[in-house]
Amino acid sequence: MYDLLIIGGGINGTSIARDTSGRGLRILLCEMGDLACATSSASSKLLHGGLRYLEQCEFRLVHEALVERETLLRTAPHLCRTLRFQLPYHPGRRPAWLIRTGLLLYDYLNFYSKLPRSCTVKPDTESPLHKNFTQSFEYSDGWVDDARLVILNAMDAHQHGATILPRTRCSRAWRSNGYWQVELENRQSGQRRTVKSRMLVNAAGPWVDRIAVPVQQNHPQPMRLVRGSHIVVPRFFNDQHAWLLQHDDQRIVFVIPWEQKFTLIGTTDIDEPGDPGQAHISEEETKYLLQVCRDYFHNAPGPEDILYSFSGVRPLPATSTSQHARTLSRDYQLILEQPPKQGIQQYAPLLSVRGGKLTTSRALAEQASNKICQVLQHSADNWTASSPLPGGDFSTLTELQSQLASQYSWLADTVLTRYVRSYGTLCTNFLQGCTSIESLGEHFGAGLYAREIQYLQQQEWAVSLEDILWRRSKLGLHLSVIQQQHLRAWLSKQKIDLIAELWQR
Ligand SMILES: Cc1cc2nc3c(=O)[nH]c(=O)nc-3n(C[C@H](O)[C@H](O)[C@H](O)COP(=O)(O)OP(=O)(O)OC[C@H]3O[C@@H](n4cnc5c(N)ncnc54)[C@H](O)[C@@H]3O)c2cc1C
């Protein structure tokens, strides 16, 4: 029997699993696909307060997100980094005084931040902007590897005793004698089993209202499912900073340097009528993103430059269906179904998570855990704000990298940099005992060796090619089609049934 069964292995489910398992509760988390297979790997990957949300007077959310931005930069220093943004002043869009006021407020809302403050800059001769842009505003935010943040939360939860079951769907749940009975389905074998839990957390992201769970009453505020898409093109500017571009529909588009050689451009806001798992970019969205770039950059990419695209779906609480998606709140809701006064013994509690951001996921999990502990009458203190995520226990990246560079001097700098950025101190788990490049095993391209893959399979629940190349890493951008086919064939020869193994435990 478990204290808590969590449905959903995105950032919200895994953060709650981490926090509650660290408080001593017995946790099972089930995820119907791979960890981070949905919204949590399709974000813009920003740790940000959300400058734009100030226009909607979302001061609580912006303040919390700015504080959490610093917490993540501190607790996951390998996955996160500071990112400077330039916002070109466009005479036809928001007035300069409004932008300046917004940035002052943004700096002020996290007054104690060590990140550089906002300022005004003049584009230099190297600038990719059209010549008519004569002024930009600069400010700081953060960047994070979204999918790896999910994996690290799951790993920490597991280290604290949580059972993590990827590729396991919750097919239904019902209350019986004061407990939850939850039917789980192994998505690989079709095998089913029922487990018992004192409490249930529905962290199914865009599927939150589709889970077959009896609720007391439908929530008065319906959810709107809003799709956001990104395109990836070859890098078309040399600057290290990212861009925030204003469009004439009041929306903004991020243009972010990504994975050394690429640029990430997004996002859009379109109602998603279909299955969130099948969301993909439309022609209209692609045109929209390319047009915004053309409005600002003289060497903007064209449709032929698009290498890759991805879409994610946000569940947003909506007051009306006619409200524009861009103005819907990005704040989250934790909805607790309290046991009714009569029949407490018969009523197992349910907590549903609606909305949220990667940036505020730790704070969301902390609030959720406090509610859970209160309901389950379990006393334990908050702990995650000051505890590094797995691999984040080092003082500076430069120090860690130079220490590892002297220990593994035969390893190419680019490969070591990626290991340090992805795994932090944990990269020694698979480097240990290796004395030459040959000891890392077969090379699959772009510095991906068999030893790392085995680590991902054994420690990070990786099963498929996509798990390895698109979520545990972004090597899918760097490996050729032939290299990917070779890796797929190699993986299929291994015949490891990780899920069957996990189900037997
Ligand atoms: C386009 C876009 C850009 C964004 N950019 C940013 C950003 O830059 N910064 C930021 O802070 N936030 C950003 N966000 C928000 C952030 O990505 C989301 O708030 C966050 O990923 C939501 O996580 P989640 O865990 O609620 O949902 P998800 O990641 O979708 O996880 C829910 C999981 O539940 C699983 N599931 C569903 N049903 C079942 C079932 N029956 N059984 C088992 N498992 C089930 C799904 O497979 C899924 O993996 C962005 C969102 C979008 C859409």
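Residues numbered from 1 in each chain as written. Predicted model: local features only at pLDDT ≥ 70, side-chain atom pairs only at ≥ 80, totals over all residues. Heavy atoms only, no water.

## Considering helix α5 (residues 283–296)
Basically, it comes down to this: A helix here means a DSSP run of H or I that spans at least four residues, while a strand means a run of E at least two residues long, and both kinds are numbered starting from the N terminus. A helix's residues, less one, multiplied by 1.5 Å, set its expected span. Note on contacts: a residue pair is in contact if any heavy atoms of the two residues lie within 4.5 Å.
Its 14 residues place the ends of α5 21 Å apart at the C-alpha level, agreeing with the 20 Å of an ideal helix rising 1.5 Å per residue. Where α5 is buried, its residues meet β4 (80–88), β11 (223–234), β12 (242–246), β13 (252–258), β14 (262–266) and β15 (270–271).

## What to know about the site of the ligand
Condition: The near set for a molecule or strand comprises every residue that places at least one heavy atom within 4 Å of it. Distance and chemistry together define a polar contact, namely a pair of N or O atoms within 3.5 Å, with one atom able to donate a hydrogen and the other to accept it when in protein, and with adjacent residues in sequence counting only for side-chain atoms on both sides. Accessible surface area values rest on a Shrake-Rupley calculation with a 1.4 Å probe, where residue burial reflects the displayed protein chains alone. Residue polarity follows a fixed list, in which Ala, Val, Leu, Ile, Met, Phe, Trp, Tyr, Cys and Pro are nonpolar, Asp, Glu, Lys and Arg are charged, and the others, Gly among them, are polar. An automatic or database domain assignment supplies the start and end points of every domain.
Lining the immediate surroundings of the ligand are 38 residues, of which Glu 31, Ser 40, Leu 46, Gly 356 and Thr 359 lie closest. In this structure, Glu 31 approaches the ligand through a side-chain N or O atom, which is 2.7 Å from an oxygen atom. Take Leu 46: an N or O atom from its main chain is 2.7 Å from a nitrogen atom of the ligand. Starting from 1000 Å² of accessible surface for the ligand in isolation, the protein chains cover 97%. Counting residues per element, the ones that place at least two in the shell around the ligand are α1 (11–22), β8 (168–176), β11 and β16 (308–317). Looking at the shell around the ligand residue by residue, the classes come out as 16 nonpolar, 17 polar and 5 charged. Counting contributing residues, the shell around the ligand receives three or more from each of domain 1 (2–38 + 148–221 + 330–386) and domain 2 (79–143 + 222–314).

## Observations concerning the packing of aromatic side chains
Cut-off, in case you're wondering: Here the aromatic set is Phe, Tyr and Trp, taking the six-membered ring for Trp, and pairing holds for ring centres within 6.5 Å; pairs whose planes are under 30 degrees apart are stacked, those over 60 apart are edge-to-face, and all others are tilted. Exposure classes here rest on a 1.4 Å probe applied to the protein chains alone. A residue is buried below 20% of its type maximum, exposed above 50%, and partly exposed in between. Both a distance and an angle decide whether a charge sits over a ring: NZ of Lys or CZ of Arg must be within 6 Å of the ring centre and within 35 degrees of the ring normal.
Considering all chains together, one arrives at 21 aromatic pairs under this definition. When the ring of Phe 85 is compared with that of Phe 254, the centres are 5.8 Å apart and the planes differ by 65°; the resulting orientation is edge-to-face. One end of the pair, Phe 85, is in strand β4; the other, Phe 254, is in strand β13, and 169 residues separate them in sequence. Across the pair, exposure class does not vary: Phe 85 and Phe 254 are buried alike. Just above the ring of Trp 174 sits the side chain of Arg 172; from NZ or CZ to the centre is 4.3 Å. The ring of Phe 237 has Arg 235 sitting right over it, with the charged end atom 5.7 Å from the ring centre.

## A word on the domain arrangement of the protein chain
The criterion, for reference: Note on definitions: buried area is the accessible-area loss of two parts on being combined, 1.4 Å probe, summed for both. Salt bridges are identified by distance alone: a Lys or Arg side-chain nitrogen within 4 Å of an Asp or Glu carboxyl oxygen.
Per the domain assignment, the segments making up the protein chain are domain 1 (2–38 + 148–221 + 330–386), domain 2 (79–143 + 222–314) and domain 3 (397–504). At the interface, 21 residues of domain 1 touch 18 residues of domain 3. A buried area of about 1700 Å², summed over both sides, lies between domain 1 and domain 3, and 59% of it is on carbon and sulfur atoms. Considering only the side of domain 1, the residues that lose the most area to domain 3 are Arg 148, Met 155 and Arg 167, jointly responsible for 34% of the buried surface there. Residue Arg 148 is joined to Glu 460 by a salt bridge in which the shortest nitrogen-to-oxygen separation is 2.7 Å.

## Comments concerning the pattern of salt bridges
Enumeration according to the criterion identifies 32 salt bridges in this entry. Linking Arg 227 and Glu 285 is a salt bridge whose minimum nitrogen-to-oxygen distance equals 2.7 Å. In this pair, Arg 227 is assigned in strand β11 and Glu 285 in helix α5, connecting sequence segments 58 residues apart. Judged by relative accessible area, Glu 285 falls into the buried class, the value being 1%. Between Glu 466 and Arg 488 there is a salt bridge, with its nearest N and O atoms 3.1 Å apart. Of this pair, Glu 466 sits in helix α11 (residues 465–471) while Arg 488 sits in helix α12 (residues 481–494), and the two are 22 residues apart along the sequence. Overall, the relative accessible area of 43% leaves Arg 488 in the partly exposed class.

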